[in-house]
Amino acid sequence: MYKVFVNEKPIIITSSSQKENNFPVYILKNIVLDEIIHKLRNEIIDGVYLYTPDLESGWNYFLTQIKVVPAAGGLVKNNKNDILFIYRNNIWDLPKGRIEKNESIETAAIREVEEECSIFNLTIEKQLITTYHIYFQNKNKLKLTYWFLMNSNYDKPLIPQIEEGITKVEFIKEESIDTILKESYANIRLVYDCYKDN
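Predicted model, so just to flag it, every value in this text is computed and none were measured.

## A few points about the pattern of salt bridges
Going through the model one piece at a time under the given rule, you end up with 10 salt bridges. One salt bridge in this structure joins arginine 111 and glutamate 115, with 3.2 Å as the shortest N-O distance. Within this pair, arginine 111 and its partner glutamate 115 are both found in helix α3 (residues 105-117), separated by 4 residues, close to a single helical turn. A salt bridge links glutamate 174 to lysine 196; the nearest nitrogen and oxygen atoms lie 2.3 Å apart. Of this pair, glutamate 174 sits in helix α4 (residues 174-182) while lysine 196 sits in helix α5 (residues 186-197), and the two are 22 residues apart along the sequence. On the basis of relative accessible area, glutamate 174 is assigned to the partly exposed category, the value being 41%. In this structure, a network of salt bridges that share partners links the residues Glu100, Glu103, Arg111, Glu112 and Glu115.

## Structural notes on the UniProt feature "domain: Nudix hydrolase" (unreviewed entry) in the protein
Following the UniProt record, one finds the feature "domain: Nudix hydrolase" (unreviewed entry) at residues 67-195. End C-alpha atoms of residues 67-195 are separated by 28 Å, and the span's content is 25% helix alongside 47% strand.

## Digging into α5
Taking 1.5 Å per residue as the helical rise, α5 with its 12 residues ought to reach 16 Å, and the 16 Å between its terminal C-alpha atoms agrees with that figure. When α5 is considered as a whole, its buried residues turn out to be Ala186, Asn187, Ile188, Val191, Tyr192, Cys194 and Tyr195.

## A few points about the nonpolar core
Counting 22 residues, the largest nonpolar core has Val4, Ile11, Ile13, Leu50, Phe62 and Ile134 as its most contacted members. Breaking this core down by element, the ones donating at least two residues are β1 (2-6), β2 (9-14), α1 (33-42), β4 (48-51), α2 (55-64), β9 (122-137) and β10 (139-152). The element best represented in this core is α1, accounting for 4 residues. Within the second largest apolar cluster, 18 residues are counted, among which are Leu75, Phe85, Tyr87 and Cys194.

## A look at unusual backbone geometry
Even without being a glycine, asparagine 7 presents a positive backbone phi close to 55°. Counting through the fold element by element, asparagine 7 comes out in the loop between β1 and β2. Even without being glycine, asparagine 89 reaches a positive phi, approximately 55°. Position of asparagine 89 among the secondary structure elements: in the loop between β6 (83-88) and β7 (91-93). Take asparagine 89: its relative accessible area is 57%, and that puts it in the exposed class.

## A closer look at the environment of proline 53
Here proline 53 lies in the loop between β4 and α2. On the basis of relative accessible area, proline 53 is assigned to the exposed category, the value being 71%. Linking proline 53 and isoleucine 27, residues 26 residues apart in sequence, is a C-alpha distance of 9.3 Å.

Conventions used here
- Residues numbered from 1 in each chain as written.
- Predicted model: local features only at pLDDT ≥ 70, side-chain atom pairs only at ≥ 80, totals over all residues.
- Heavy atoms only, no water.
- Salt bridge = Lys/Arg side-chain N within 4 Å of Asp/Glu carboxyl O.
- Helix = DSSP H or I, 4+ residues; strand = E, 2+ residues; numbered from the N terminus.
- Buried < 20%, exposed > 50% of the residue type's maximum accessible area, 1.4 Å probe, protein only.
- UniProt positions renumbered as here; feature names shortened; annotations may be inferred.
- Expected span 1.5 Å × (residues − 1).
- Core = buried A, V, L, I, M, F, W, Y, C linked by side-chain atoms within 4.5 Å.

Below, the structure written as structure tokens:
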């Protein structure tokens, strides 16, 4: 299945008839996506299932219904296995940003982490997960973010990219991360869970 978040509410695209909760079920090919997004933003509805008999063709169809904005970011560890977080709009987040034209996903991920945190000596260990969330900027858009596990031994002061609304950049110790994640996004919890599972 694919899980796309509207704020913290999921659109679950699935080919399975199994349901884990009481979200309403719609046939993917029959929906008007903007109406579904409106319901999630404005009604007492905590999520929806969009059913498709073939998951991959259904997902590809879903992507034709909305403008896709590709992005990349990093979950960065230091030598003590602390994790790098940014604080933006009163929410803890991981550094990420849009992929520029003719830029590779890996290059974009490293560039965005460097720009948002003023951290260097980054190396990519592996790709973690891809997350999806819908936001509104003139119209509904889907941010598709490729996440990488990165390492850095950089030990100079970190400087938040204030012009991007980032007010803090910190390496967080493992024992404090559960508390941080309570003040973060569902997608960031997915990225961290993927890191821990691997």
